[in-house]
Amino acid sequence: MNISIIGSGHVGLVTGACFAELGNKVVCVDNDEKKIRSLKRGKVPFYEPGLEELVRANYEQGRLSFTTSIREGIRDAEVVFICVGTPSLPSGEADLSAIEKVSREIGKNLNGYKVIVEKSTVPVKTGERVEKILKGTAKEGINFDVASNPEFLREGSAIKDFMHPDRVIIGVNSRKASSILLELYEPLNAPILITDIKSAELIKHASNAFLALKISFINAVANICDLAGADIKKVAKGIGLDKRIGESFLNAGIGYGGSCFPKDVSAFIHIAKELGYTFHLLEEVEKINRGQRVRVIEDLESFLGNLEGKTIGLLGLSFKPFTDDIRESPAIDLVNLLRERKAIIRAHDPVAIPNFSRIFPNLSYFEDPYKIAEGAHALVIVTDWPEYRYLNLKKLKNLMAYPLIVDGRNLLDPQRMKETGFYYSSIGRGKIR
Ligand code: UGA
């Protein structure tokens, strides 16, 4: 099938490369000329395991091509996926200006029947807006259908998530669109749920909000564990063994970040309010999440007192491991909170230093985690990079001025920390003093 992808960011590029790998002819469009030039040279401008190889192979075999022109990109396409960004406005509302802009461009350049699919995460009823724009811009007599096909890709495992999804959601209002999209997804052999467009849009927001809720819930329980002297890892295991609850997304820690959960939770709260419902539950999810950053600082203060002039080393800057993405990363909040307290900050990350130093050019960055330990009063594990689990604790302890680790991801074993003579604090497993 001929497909066009508008917006070649994380979602667009993964979607385009994977559809090409499945044998379709895909044109990826982006208005960023530099990005398109680099993609034509086989360079993916962000880190996603396996994506560069997939893009190169499909480009070389002629199934994947790139252009900056929407007109050219959609000319032969039967299906056009809109994959542009929907960032947060200061109010928390989703900014749909990019969606509206490309919808107008698509409408003006429609040259025959196509299915126009929202893949970007959008508030419910955006499909109606897209349809209205297309109707207003397309030439008389040209037919089209709008559909919603939300993505459930995680950064770091996006290709696997695309190729082996738990489910594919297809929101349509016409049989023709539904049969075209069913044919496109058939090779994945995945469970497919056909819904109306508004339900599909809501499934996406509700899925991300529910996962964020699970994280805030377990973080709240972790805080109770600390007060009661219980162990959150055991509690989470015990809860998760109930199949109705499930074990995933019950890792307590410093709170969720990234380009999706924070933005989608606030956009969901906003659209709910616009529709007449105040989503207090999700407001609390956000509040708990913000609180987790602060509690890490309070943990530091409970050992070190005033943080002014104290050297604090941050282990991890990306919002989660296996990505260099720092959007809404807990590390950003920590840096701001530590700066307010006039602490001396050092930072380490295996891949995210270039991105982080664009926002904070004046921090001390280190490529070697042992270097940030030299003379430090505390280390904070911010990202659960597996390499932090295997740090040589004896070596670290000898390097530090004060042997304190605040483990924001519950990566280390408290018993081992005790044996090695560390002061140690984690989330929901008490403190070792
Ligand atoms: C998330 C969803 O998992 C995807 O299904 C969705 O498609 C995507 O958003 C999106 O809307 O595009 P992603 O943001 O890549 O994917 O990352 P996750 O692996 O879901 O992690 C999000 C945050 O939650 C990270 O900061 C992570 O550290 C945190 N987290 C996750 C926890 O604190 N505890 C957990 O148990 C799980």
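Procedures and definitions
Residues numbered from 1 in each chain as written. Predicted model: local features only at pLDDT ≥ 70, side-chain atom pairs only at ≥ 80, totals over all residues. Heavy atoms only, no water. Near = heavy atom within 4 Å. Polar contact = N/O pair within 3.5 Å; in protein donor to acceptor, adjacent residues only side chain to side chain. Areas by Shrake-Rupley, 256 points an atom, 1.4 Å probe, with all protein chains shown as cover. Helix = DSSP H or I, 4+ residues; strand = E, 2+ residues; numbered from the N terminus. Domains from an automatic or database assignment. Contact = heavy atoms within 4.5 Å. Buried area = accessible area lost by both parts, 1.4 Å probe. Salt bridge = Lys/Arg side-chain N within 4 Å of Asp/Glu carboxyl O. Nonpolar A, V, L, I, M, F, W, Y, C, P; charged D, E, K, R; others polar. Pairing = 2+ DSSP bridges. Axes fitted to C-alpha atoms, helices over the stretch in contact; angles between N-to-C directions. Left-handed = near helix turned anticlockwise from the far one by under 90°. Patch = residues over 30% accessible without salt bridge, like charges linked within 9 Å, V, L, I, M, F, W, Y side chains within 5 Å. Buried < 20%, exposed > 50% of the residue type's maximum accessible area, 1.4 Å probe, protein only.

### Details of the site of the ligand
The environment of the ligand is made up of 19 residues, and the closest members are E151, E155, K204, N208 and C260. A distance of 2.7 Å is found between an oxygen atom of the ligand and a side-chain nitrogen or oxygen belonging to E151. A total of 710 Å² of accessible area belongs to the ligand in isolation, and the protein chains cover 92% of it. Tallying contributions element by element places helix 9 (residues 197–228) first for the shell around the ligand, with 3 residues.

### Some remarks on the domain arrangement of the chain
Put simply, an interface is often sized by how much accessible area is lost when its parts join up. Assigned domains within the chain: domain 1 (2–195) and domain 2 (261–432). Its C-alpha centre places domain 1 at a distance of 35 Å from the equivalent point of domain 2. Counting from both sides, the interface comprises 16 residues of domain 1 and, opposite them, 15 residues of domain 2. Both faces combined, the contact of domain 1 with domain 2 buries some 1,200 Å², and carbon together with sulfur accounts for 55% of it. Linking domain 1 with domain 2 are 1 salt bridge. Residues E155 and R327 are paired through a salt bridge, measuring 3.6 Å at the closest nitrogen-oxygen approach. At the boundary of domain 1 with domain 2, the tally comes to 4 residue pairs in polar contact (both at pLDDT 80 or more). A per-class count over the side of domain 1 that touches domain 2 returns 6 nonpolar, 6 polar and 4 charged.

### A look at the sheet that holds strand 11 (residues 364–366)
Where strands meet in a sheet, backbone hydrogen bonds hold them as pairs that are either parallel or antiparallel. Taken in spatial order, the 7 strands line up as 11-10-9-12-13-14-15 in an open sheet, and their pairing is mixed. Only two strands of the sheet have a single neighbouring strand rather than two, namely strand 11 and strand 15 (431–432). With 5 bridges connecting them, strand 9 (residues 311–315) and strand 10 (residues 344–348) associate as parallel partners. Bridged to G313 within strand 10 is R346. Relative to the sheet, helix 12 (residues 280–304) contacts strand 9, strand 12 (378–381), strand 13 (404–407), strand 14 (423–425) and strand 15, its axis offset from that of strand 13 by approximately 160°. Those strands touched by helix 13 (residues 330–340) are strand 9, strand 10 and strand 12, and its axis lies near 175° from that of strand 9.

### Section: the packing of helix 9 against helix 11 (residues 261–275)
In contact at an axis separation of 9 Å, helix 9 and helix 11 are set at 115° when each is read in the N-to-C sense. Considering the relative orientation of helix 9 and helix 11, their crossing is left-handed. Here L202, K204, H205, A206, N208, A209, L211, A212 and I215 of helix 9 come into contact with helix 11, specifically with F261, D264, V265, A267, F268 and I271. Split by residue class, the contact of helix 9 with helix 11 holds 11 nonpolar, 2 polar and 2 charged.

### Some details on a nonpolar patch on the surface
Taken together, the side chains of L182, I192 and I194 present a nonpolar region at the surface, about 200 Å² in accessible area. Tracing the sequence through the fold places I192 in strand 8 (residues 192–195). Look at I192 and you get partly exposed, because its relative accessible area is 30%.

### Considering the sheet that holds strand 8
Pairing is mixed across the open sheet formed by 8 strands, whose spatial order is 3-2-1-4-5-6-7-8. A single partner strand is all that each edge strand has here, and the edge strands are strand 3 (64–67) and strand 8. With direction set aside, neighbouring strand axes in the sheet form an average angle of 25°. Pairing of strand 1 (residues 2–6) with strand 2 (residues 25–29), which is carried by 5 bridges, proceeds in the parallel orientation. Bridged to I6 within strand 2 is V29.

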